[in-house]
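Here is how the chains run, residue by residue.
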Amino acid sequence: MISARTRLDRFISQHTSFSRRDVRLLLAQSRIEVDGVAVSDIQKIVHQFSQISVDGVSIQNNQPRYLMLNKPAGVVSATTDPQHKTVLDIIDAPFRNELHIAGRLDYNTTGLILLTNDGCWSRNLSLPENHIQKHYLVELENPVTAEYAELFAQGIYFEYEQITTAPAQLRVLSERMVELSITDGRYHQVKRMFGRFQNKVLVLHRYGVGNLQLGDLELGQYRELSAAEAGSIHRQD
Ligand code: URA
């Protein structure tokens, strides 16, 4: 498997016994196919999910995988852990060991967690400049005041990272229940934002990321995303 984009001739010579010179000949004879189409361009760029074959023999046929999981509390957002159950332990699929987590949740946070084997996709999701919103339902120890929404919209300075959080939207549902949408994802970000008001987060649940919502997926359940759903995760301005 290749993680980044690379030239086809380099890829074939690294993954078979053909030399770069042999590859030129194979290309001239239309014996190499990428995604089902014979290729003659030596400079052709391929990636992790290009389907590549030589004389009909598959050299690479990775499938991109995108999953959403409704994480229960008491499960770690990690692929392995010596003590606790991990989100990967919940996945029962032959490709589970290929997966990594795209955006962690704390041990006791519940809700939508995304897993994939596509590093470009997860990178795209995590880049603050792509403005992909993560939507949380938050139960607090104390009532919220009007100041919260104002300060969150302005951004909060985090001393440790020396950054100001991106503008966040707060919707008040009741005295101590709110929805919060943020586009960045700093360590314990939601808890630290409410911590600015000395207001403790009692329950934290992520119900959406970008256009994706958990819907009726129950705690501990997961499902694969459709190509359209996976493709819906892109820059949002
Ligand atoms: N912010 C937090 O504080 N915890 C989470 O799990 C997610 C966002």
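Scroll up to find the structure.
These lines cover the structure that appears in this document, whether it is placed above or below.

About the criteria used
- Residues numbered from 1 in each chain as written.
- Predicted model: local features only at pLDDT ≥ 70, side-chain atom pairs only at ≥ 80, totals over all residues.
- Heavy atoms only, no water.
- Near = heavy atom within 4 Å.
- Polar contact = N/O pair within 3.5 Å; in protein donor to acceptor, adjacent residues only side chain to side chain.
- Areas by Shrake-Rupley, 256 points an atom, 1.4 Å probe, with all protein chains shown as cover.
- Helix = DSSP H or I, 4+ residues; strand = E, 2+ residues; numbered from the N terminus.
- Nonpolar A, V, L, I, M, F, W, Y, C, P; charged D, E, K, R; others polar.
- Buried < 20%, exposed > 50% of the residue type's maximum accessible area, 1.4 Å probe, protein only.
- Arc of directions from axis to C-beta.
- Pairing = 2+ DSSP bridges.

### Some words on the site of the ligand
Piece 1. Taken together, Leu105, Asp106, Thr109, Tyr136, His188, Gln189, Val190, Lys191 and Leu204 are the residues near the ligand.
Piece 2. The backbone of His188 places a nitrogen or oxygen atom 3.2 Å from an oxygen atom of the ligand.
Piece 3. When the free accessible area of the ligand is taken as 240 Å², the share hidden by the protein chains comes to 95%.
Piece 4. Considering every element that reaches the shell around the ligand, the biggest residue donor is helix H6 (residues 189-195), with 3 residues.
Piece 5. When its residues are assigned to classes, the shell around the ligand shows 4 nonpolar, 3 polar and 2 charged.

### Some words on helix H2 (residues 20-28)
Piece 1. Taken residue by residue, H2 has Val23, Leu26 and Leu27 as its buried positions. For H2, the angular spread of buried residues about the axis comes to 100°, placing them on one side. Across H2 from its buried face, at more than 90 degrees, point the exposed residues Arg21, Leu25 and Ala28.
Piece 2. Positive backbone phi, at 55°, marks Ser30, one or two positions downstream of H2.

### Focus on the pairing of strand S14 (residues 177-182)
On any regular strand, side chains alternate: one points to one face of the sheet, the next to the other face.
Piece 1. Inspection of the sheet shows strand S10 (residues 134-140) paired to S14 by 6 bridges, in the antiparallel sense. For Leu137, the partnering residue across the bridge sits in S14 and is Glu179.
Piece 2. One ladder, built from 5 bridges, connects strand S13 (residues 169-174) with S14; its direction is antiparallel. Counterpart to Arg171 in the pairing with S14 is Glu179.
Piece 3. What sits between the antiparallel neighbours S13 and S14 is a turn of 2 residues.

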